[in-house]
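# Commentary on secondary and tertiary structure
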Amino acid sequence: MTATDDRAPRVLAKAAAAGRMRGIGLDTWERARLQPRRAGKVLREGVGEARALHSRERRLVQAALYDLIRQERALALVLGDSSPMALWLGWLVGEGLDPAVAKSHHDAPYEALLDGTLEERLGAMPADEALAIRHGLPDALARRIVRQRGPDAAAALLRASDQRAPITVRANRRKTDRTALADRLAGEGFATEPCARATDGLHVLTRGPLTTQRSYRDGWFEVQDEGSQLLAGLVEPDGEVIDLCAGAGGKSLAIAAHGVPVTAADVRPGALKELTRRARRAGVEVDTIEIRDARLPGRLRRRRVRRVLVDAPCSGTGVLRRHPEHRWQFSEEMLHERTELQRRILDRAAPLVAEGGTLVYGTCSVLAEENEEIVRSFLSGHPDFERTDRTLDTAPHPDGTDGFYGVVLRRHRPLA
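Here is a short report on the structure shown in this document. Computed from a predicted structure; not experimentally measured.

In this section: the overall build of the protein. In terms of helices and strands, the protein carries 20 helices and eleven strands. At 23 Å, the protein has a C-alpha radius of gyration in line with the 22 Å of a compact globule built from 416 residues. If you line up the protein on its principal axes, its C-alpha atoms span 70 × 50 × 35 Å. Counting the 416 residues in the protein, one finds 53% classified as buried. Pairs at least 24 residues apart make up 67% of the contacts formed inside the protein by residues separated by at least 6 positions. For the protein, the accessible area works out to roughly 18400 Å², and carbon and sulfur atoms hold 49% of it.

In structure tokens, the structure reads:
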């Protein structure tokens, strides 16, 4: 790798030695590894602690924390040592640290990281096993992706999922349009280019404190991946909409920007509070309802609307480039729990859809178990619904978006 200021030899050597860089990095890594369900929060907190470092040191620690998730299994295989210290130093060697310097802090065969040992070992393995190690995946997840997509497409998908995700924003059409937003961001020092498919989307090419800009505070845009914008676009904005798994409301806000009434429901009161704050900044109205138990609240259960969105909780395998820690959370048990939950949520959503209305089902998963198989199961038990030809299936490769799945289902006859 060509040395940059962040990877200058003295910065790498400082990161290898005892001190704040190594201390923050290792402490954060170990705490995240022990709490896979909270790993995202722990990693963000660690990056926050790294703000006390100089900018190039902070960027290196942040890159290390997320790269170690992706490279953990490959580093451990070559080094024969899975201790946090060995992994930290091994990552630094891959970035340009002299192996002898790494060895002075913790003994391991770091030079093997540079001599092709990894490729030789992976080349002798079955495709799914090799991909699991190369990309830090659980074996069960790699097997599924290879079985469903084939070795070559799986490899391309996982390579893309290891890359840094683009920063993408959605112009808030209640206040502006994409062209005017691009001009304003340019005036604030941010170069952009239009998204290929999302009509309100811009990729931001300049790195910097985007959400501290006046255009953000004025509600001109929301940060939202192009795939997420496309999923929201499957909901036709021609009547009241219920967003049944709204979270912090990125899709609710995108739909409400068309001027239609949106009711956002979720089991997380903190997320709904954040949605309310974002809606106020965006200048749109979104009614929020907290779901507290297995049954929907009465004021939601009695509704019949033309548009319902279910962006279901899922494995998150489509957003690994933004959330590499989702690798740690995947298991057969977790997948089974998610698919059962997806079925239950769709069953609850179905009665909310008026005759002639549509139910949009979506996930940020690339797994058939959470996508096509859930839809087939739903349709087999709900003959009053039919599948339309409006679908979405994106992935980091070849689309350059996060991995989103979506399908529009229409109620073609009254509920029995």
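Here we take up the pairing of strand S11 (residues 405-411). Counting buried positions over the seven residues of S11 gives six, a clear majority of the element. Bridge analysis of strand S9 (residues 353-363) against S11 gives six bridges, and the strand direction is antiparallel. Counterpart to Thr358 in the pairing with S11 is Arg410. Where strand S10 (residues 385-393) and S11 come together, six bridges link them in antiparallel fashion. Pairing of Leu392 across the sheet is with Gly406, part of S11.

Counted under the stated rule, the structure contains three aromatic pairs. Taken together, a centroid distance of 5.2 Å and an interplanar angle of 70° make the contact between Trp29 and Trp328 edge-to-face. Pair noted here: Trp29 is in helix H2 (residues 20-34) and Trp328 is in helix H17 (residues 326-329), with a separation of 299 residues, a long-range link. Geometry around Trp220 places Arg184 over its ring, the cationic atom sitting 4.5 Å from the centre. Over the ring of Tyr216 we find Arg281; its NZ or CZ atom is 4.0 Å from the centre of that ring.

Time to look at the sheet that holds strand S4 (residues 221-223). If you walk across this open sheet you meet the four strands as S2-S3-S1-S4, and the pairing is antiparallel. The open sheet terminates on both sides in strands that have one partner only, identified here as strand S2 (192-194) and S4. Neighbour-to-neighbour, the strand axes of this sheet turn through a mean angle of 30°, independent of strand direction. Judged from the three bridges that link them, strand S1 (residues 167-171) and S4 form a sheet pairing that is antiparallel. By the bridge assignment for S4, Ala171 is matched with Phe221. The strands touched by helix H11 (residues 178-187) are S1, S2, strand S3 (201-204) and S4; relative to S3, the strand with the most contacts, the crossing angle is about 20°. In the packing of helix H13 (residues 226-233) onto the sheet, contacts are made with S1 and S3, and the angle to S1 comes to roughly 35°.

By the definition in use, this model includes zero disulfides. Unpaired in terms of disulfides, Cys245 finds its nearest cysteine sulfur in Cys314, a separation of 10 Å.

What follows is about the side chain of Thr176. If you trace the backbone, Thr176 turns up in the loop between S1 and H11. The exposure class assigned to Thr176 is buried, which follows from its relative accessible area of 12%. Leave out the neighbours within four places in its chain, and Thr176 touches Ala171, Leu181 and Trp220.

Okay, the nonpolar core next. Membership of the largest hydrophobic core comes to 39 residues, with the highest contact counts inside it found for Leu60, Val61, Trp88, Leu89, Leu92 and Tyr110. Listed by contribution, the elements that provide at least two residues to this core are helix H1 (9-16), H2, helix H3 (39-49), helix H4 (55-79) and helix H5 (84-94). Setting aside chain neighbours within four positions, we find Leu60 in contact with Asp6, Arg7, Val11, Leu12, Ala15, Met21, Trp91 and Leu92. The next biggest cluster of nonpolar side chains, apart from the first, holds 30 residues, and it includes Val235, Ala256, Ala264 and Val284.

In terms of burial, S1 is largely enclosed, as four of its five residues are buried. Both S1 and S3 contribute to a ladder of four bridges, which runs antiparallel. Each bridged residue has a counterpart across the sheet, and for Ile167 the counterpart in S3 is Val204.

Moving on: helix H15 (residues 269-282). Compared with an ideal rise of 1.5 Å per residue, which puts 14 residues at 20 Å, H15 spans 20 Å between its outermost C-alpha atoms and is within 8% of the ideal. Listed in full, the buried residues belonging to H15 are Ala271, Leu272, Leu275, Arg278, Ala279, Arg281 and Ala282. Tucked inside the fold, the buried residues of H15 contact helix H12 (214-217), S4, helix H14 (250-256), strand S6 (262-266) and strand S7 (286-290). Looking at the residues trailing H15, positive phi occurs at Gly283, about 75°.

Another aspect to go through is the packing of H1 against H4. Interhelical geometry of H1 versus H4 gives an angle of 60° and a closest axis separation of 11 Å. Here H4 runs oblique to H1, going by the angle between their axes. The hand of the H1/H4 crossing is right-handed. When H1 is examined against H4, the residues Arg10, Val11, Leu12, Lys14 and Ala15 are found in contact with a partner set consisting of Arg56, Glu57 and Leu60. Counted by class, the contact of H1 with H4 contains four nonpolar, no polar and four charged residues.

About the cut-offs
- Residues numbered from 1 in each chain as written.
- Predicted model: local features only at pLDDT ≥ 70, side-chain atom pairs only at ≥ 80, totals over all residues.
- Heavy atoms only, no water.
- Helix = DSSP H or I, 4+ residues; strand = E, 2+ residues; numbered from the N terminus.
- Rg over C-alpha atoms; globule rule 2.2 N^0.38 Å.
- Buried < 20%, exposed > 50% of the residue type's maximum accessible area, 1.4 Å probe, protein only.
- Contact = heavy atoms within 4.5 Å.
- Areas by Shrake-Rupley, 256 points an atom, 1.4 Å probe, with all protein chains shown as cover.
- Pairing = 2+ DSSP bridges.
- Phe/Tyr/Trp six-rings, centres within 6.5 Å; stacked < 30°, edge-to-face > 60°.
- Lys NZ or Arg CZ within 6 Å of the ring centre and 35° of its normal.
- Axes fitted to C-alpha atoms, helices over the stretch in contact; angles between N-to-C directions.
- Disulfide = S-S within 2.5 Å.
- Core = buried A, V, L, I, M, F, W, Y, C linked by side-chain atoms within 4.5 Å.
- Expected span 1.5 Å × (residues − 1).
- Parallel < 35°, antiparallel > 145°, perpendicular 65-115°, else oblique.
- Left-handed = near helix turned anticlockwise from the far one by under 90°.
- Nonpolar A, V, L, I, M, F, W, Y, C, P; charged D, E, K, R; others polar.

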